[in-house]
Each structure stands twice: as structure tokens, then as C-alpha cells.
Amino acid sequence: MVYTYNPVGVCSQQITIDINDDETINDIQFLGGCNGNLKGIAALAKGKTLDEIINALKGIRCGMKGTSCPDQLAKALEQIKDEI
């Protein structure tokens, strides 16, 4: 199933997440943000469970911001978990 999340307080404008039936990540695409870093995060997340990625990324901050693109991904995955 494909989900779309609009991050808040970061450079990326949208996160598209494709989740497999077994609740593992099939693909993640970021619109905007630091392209290379976000492609790296997406590649590392592929095949992992939602909980693995949430636990790894939740709470990461970017500079003086209270959040980051990885933290926003964790928030998106938490929202997806609530829906499925």
C-alpha cells in the first residue's frame, strides 16, 4: 500500500512510502530536501519493519530545528501503523 505524508518543519515537502503486506518498507521517496542523504535513508530502510525504522530515526534533529527529515519519516510511519 502506498501512503503519502506531508512533513512539517523540514526542507522536504512530501514523503511517499510503499509498505508491503508484512509491514516492511518496499520503497520511500522524498520530494525536496537533501537529495543524496534522503536517498541513502530510503535505501537503508528498504526491507526493514516500520518499528525498526521508527526506533532508529525518531527524535533526530536537524540543527536548531525540533525535527528533521528522518524524524518526520518516523512520524509518518507511526501514523501508518495507526491506520493499518
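Residues numbered from 1 in each chain as written. Predicted model: local features only at pLDDT ≥ 70, side-chain atom pairs only at ≥ 80, totals over all residues. Heavy atoms only, no water.

Enquirer: Could you clarify how one ought to interpret helix α3 (residues 69-83) in this entry?
Expert: Side chains of residues three or four places apart in an α-helix project in the same direction, reflecting 3.6 residues per turn. In this model α3 runs 21 Å from its N-terminal to its C-terminal C-alpha over 15 residues, within 8% of the 21 Å that 1.5 Å per residue would give. Of the positions making up α3, those classed as buried are Cys69, Pro70, Asp71, Gln72, Leu73, Ala74, Ala76, Leu77 and Ile80. Looking at the buried side of α3, the elements it contacts are β1 (2-5), β2 (14-19), β3 (25-31), α1 (35-45) and α2 (50-57). Where α3 begins, the capping side chain belongs to Ser68, and its oxygen is found 3.1 Å from the backbone nitrogen of Asp71. (Helix = DSSP H or I, 4+ residues; strand = E, 2+ residues; numbered from the N terminus. Expected span 1.5 Å × (residues − 1). Buried < 20%, exposed > 50% of the residue type's maximum accessible area, 1.4 Å probe, protein only. Contact = heavy atoms within 4.5 Å. Polar contact = N/O pair within 3.5 Å; in protein donor to acceptor, adjacent residues only side chain to side chain.)

Enquirer: Would you mind going over the nonpolar core with me for this structure?
Expert: As a rule of thumb, soluble globular proteins bury nonpolar side chains together. In this structure, Ile17, Ile19, Ile25, Ile28, Leu73 and Leu77 are the most contacted members of the largest nonpolar core, which totals 23 residues. Of all the secondary structure elements, the ones that give two or more residues to this core are β1, β2, β3, α1, α2 and α3. Per element, the largest residue contribution to this core is 6 residues, and it comes from α3. In this structure, Leu73 is in contact with Ile15, Ile17, Ile28, Phe30, Ile41, Ile53 and Leu57, ignoring residues within four places of it in sequence. (Core = buried A, V, L, I, M, F, W, Y, C linked by side-chain atoms within 4.5 Å.)

Enquirer: I'm lost on α2 in this one. Help?
Expert: Burial in α2 covers these residues: Leu50, Ile53, Ile54 and Leu57. Down the axis, α2 shows its buried residues gathered within 100° of arc, on one side only. With respect to the buried face of α2, the exposed residues turned more than 90 degrees away are Asn55 and Ala56. Next to the buried residues of α2 lie β2, β3, α1 and α3. (Arc of directions from axis to C-beta.)

Enquirer: Can you walk me through the pairing of β2 in this structure?
Expert: Successive residues of a regular strand alternate their side chains across the two faces of the sheet. The alternating pattern of β2 places Ile15, Ile17 and Ile19 on a buried face and Gln14, Thr16 and Asp18 on a face that is not buried. Note that β1 and β2 share 4 bridges and pair antiparallel. Paired with Tyr5 across the bridge in β2 is Ile15. Pairing analysis gives 6 bridges linking β2 to β3, with the strands arranged antiparallel. What sits directly across from Gln14, in β3, is Leu31. Counted along the chain from β2 to the antiparallel partner β3, the turn is 5 residues long, and its residue Glu23 has a positive phi close to 65°. (Pairing = 2+ DSSP bridges.)

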